[in-house]
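# Observations on the model geometry
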Amino acid sequence: RKEVEQDPGPFNVPEGATVAFNCTYSNSASQSFFWYRQDCRKEPKLLMSVYSSGNEDGRFTAQLNRASQYISLLIRDSKLSDSATYLCVVKGGTSYGKLTFGQGTILTVHP
Amino acid sequence: DAGVIQSPRHEVTEMGQEVTLRCKPISGHDYLFWYRQTMMRGLELLIYFNNNVPIDDSGMPEDRFSAKMPNASFSTLKIQPSEPRDSAVYFCASRNKSFREGREGYTFGSGTRLTVV
């Protein structure tokens, strides 16, 4: 079983749609959780951290369920510029904070 | 801040040749990571350094791969001899040990796209 598993996608949605991505992780000792965004042929960049209480950043909402070891990302009012690969990322419980990446979910927002 | 700088951006080489990838981390960052990204396996951690010392190289695929960090501002990843299955994008990332839990994230370089023919 992979340490971090994501919806395989791809997701193709019209502008203005709401889309949700899911992710599960296997290591219950994981400490921190993130969503990264990766544009085509670019490096991954931090989109947002995921807090236990859930958090929102503009059109983006992240949720964490530690009991189920489940993470989600909701994007409201999708824009063309949201088209990218979204990576679910889990940081281990050790001090150095190894990041483990999911395979990523491809999102394409069309007019 | 110039960010994490990697070179070359693209590398095409013939099977059997030696390949050296380079990385300059952000000044002051004391952790440096080498990742490899392929379609099949996604992003995988190869090795990481703390204060120039290799800490965990369990992700290095085989003895053909080696990494060094001679000083705080430079690291190399070497493949010798290279094989077609090494074709991938290799990312270097760095981070500072001082971070606020839950808000920490790495800074990645732009990557080196390696093609071995």
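This text follows the structure it describes.
Residues numbered from 1 in each chain as written. Chains lettered and ligands numbered in written order. Predicted model: local features only at pLDDT ≥ 70, side-chain atom pairs only at ≥ 80, totals over all residues. Heavy atoms only, no water.

### Overview of the nonpolar core
Within the largest apolar cluster, 23 residues are counted, with the highest numbers of intra-cluster contacts made by Phe21(A), Trp35(A), Ile71(A), Leu73(A), Ile75(A), Tyr86(A) and Leu107(A). Elements that contribute at least two residues to this core include exactly β3 (19–25), β4 (32–38), β5 (44–50), β7 (60–65), β8 (70–75), β9 (84–91) and β11 (105–110) of chain A. Residue contacts for Ile75(A): discarding those within four places in its chain leaves Ala17(A), Thr18(A), Val19(A), Phe21(A), Arg59(A), Phe60(A), Asp82(A), Tyr86(A) and Leu107(A). Listed in part, the 21 residues of the second largest apolar core include Val4(B), Val19(B), Ile26(B) and Val116(B). (Core = buried A, V, L, I, M, F, W, Y, C linked by side-chain atoms within 4.5 Å. Buried < 20%, exposed > 50% of the residue type's maximum accessible area, 1.4 Å probe, protein only. Helix = DSSP H or I, 4+ residues; strand = E, 2+ residues; numbered from the N terminus. Contact = heavy atoms within 4.5 Å.)

### Remarks on the sheet that holds strand β6 (residues 55–57) of chain A
All names here are of chain A. The five strands lie next to each other as β1-β3-β8-β7-β6, forming an open sheet whose pairing is antiparallel. The open sheet has two free edges, formed respectively by β1 (4–6) and β6, since each of these has just one partner strand. Sheet twist, expressed as the average angle between the axes of neighbouring strands with direction ignored, equals 20°. Direction of pairing for β7 relative to β8: antiparallel, over a ladder of six bridges. Its bridge partner lying in β8, Asn-65 is registered against Tyr-70. (Pairing = 2+ DSSP bridges. Axes fitted to C-alpha atoms, helices over the stretch in contact; angles between N-to-C directions.)

### Topic: the state of the cysteines
Considering all chains together, one arrives at two disulfides over all chains under this definition. Covalent S-S linkage joins Cys23(A) and Cys88(A), the inter-sulfur distance amounting to 2.0 Å. When the S-S torsion is -75°, as for the bridge of Cys23(A) with Cys88(A), the disulfide is left-handed. Placement of Cys23(A) in strand β3 and of Cys88(A) in strand β9 is noted, with a sequence separation of 65 residues between them. Through a disulfide, Cys23(B) is tied to Cys92(B); the S-S separation comes to 1.9 Å. Here the disulfide of Cys23(B) and Cys92(B) is left-handed, its torsion about the S-S bond being about -65°. (Disulfide = S-S within 2.5 Å.)

### Regarding the packing of aromatic side chains
Where two aromatic rings form a pair, the distance of their centres and the angle of their planes describe that pair. Taken as a whole, this structure holds 15 aromatic pairs over all chains when the rule is applied. Measuring from centroid to centroid gives 5.2 Å for Phe11(A) and Phe21(A), while their planes differ by 70°, and the two rings are edge-to-face. In this pair, Phe11(A) is assigned in strand β2 (residues 11–14) and Phe21(A) in strand β3, connecting sequence segments 10 residues apart. Looking at Phe21(A), the relative accessible area reads 0%, which means it is buried. Relative to Phe108(B), the ring of Phe101(A) lies with its centre 5.9 Å away and its plane at 80°, an arrangement referred to as edge-to-face. A residue pair is termed interchain when its members come from two chains, as with Phe101(A) in strand β10 (residues 99–101) and Phe108(B) in strand β10 (residues 107–108). On the accessibility criterion, Phe101(A) (7% relative accessible area) is buried. (Phe/Tyr/Trp six-rings, centres within 6.5 Å; stacked < 30°, edge-to-face > 60°.)

### Some details on the interface of chain B and chain A
Of the residues lining the interface, 25 residues belong to chain B; the matching set on chain A comes to 21 residues. Regarding the contact of chain B and chain A, the summed buried area is about 1,900 Å², with carbon and sulfur atoms giving 45% of it. Our enumeration of links across chain B and chain A arrives at zero salt bridges. Residue assignment for the side of chain B that touches chain A shows that the elements contributing at least two residues are β4 (31–38), β5 (42–50) and β9 (88–95) of chain B. Residue classes in the side of chain B that touches chain A are distributed as 12 nonpolar, six polar and seven charged. (Buried area = accessible area lost by both parts, 1.4 Å probe. Salt bridge = Lys/Arg side-chain N within 4 Å of Asp/Glu carboxyl O. Nonpolar A, V, L, I, M, F, W, Y, C, P; charged D, E, K, R; others polar.)

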